[in-house]
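Architecture and fold: a report
Spelled out from the first residue to the last, the chains are:
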Amino acid sequence: MEQMTKLNDMQRFMLRMFERQLNAKQESEIKQMLSDYFAKQIDDEMDKIWGNSTRH
């Protein structure tokens, strides 16, 4: 039997945000925006690890 997982607040928020149908361009732009956001988070963490706070 598969165990059900409760959605967290962010997951519920995202589901509400995307209740309406998006076109292909909107989907692509949102995916890129999320990818850019998480890539920046990774870069920021790497800068902290390596002590390189001058990179932007």
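One structure accompanies this document, and this report is about it.

Section: the overall build of the protein
Counting secondary structure elements, the protein contains two helices and zero strands. Within the span of the protein, comprising 56 residues, buried residues form 4% of the whole. Accessible area of the protein: about 5,900 Å², with a carbon and sulfur share of 59%.

Observations concerning the packing of aromatic side chains
Tallying each qualifying case throughout the model produces one aromatic pair. Between Tyr 37 and Phe 38, the aromatic rings sit 5.1 Å apart at their centres with planes inclined by 80°, giving edge-to-face as the arrangement. Residue class for Tyr 37 comes out partly exposed when judged on its relative accessible area of 46%.

Cut-off values and rules
- Residues numbered from 1 in each chain as written.
- Predicted model: local features only at pLDDT ≥ 70, side-chain atom pairs only at ≥ 80, totals over all residues.
- Heavy atoms only, no water.
- Helix = DSSP H or I, 4+ residues; strand = E, 2+ residues; numbered from the N terminus.
- Buried < 20%, exposed > 50% of the residue type's maximum accessible area, 1.4 Å probe, protein only.
- Areas by Shrake-Rupley, 256 points an atom, 1.4 Å probe, with all protein chains shown as cover.
- Phe/Tyr/Trp six-rings, centres within 6.5 Å; stacked < 30°, edge-to-face > 60°.

This is a description of form; function is not addressed.
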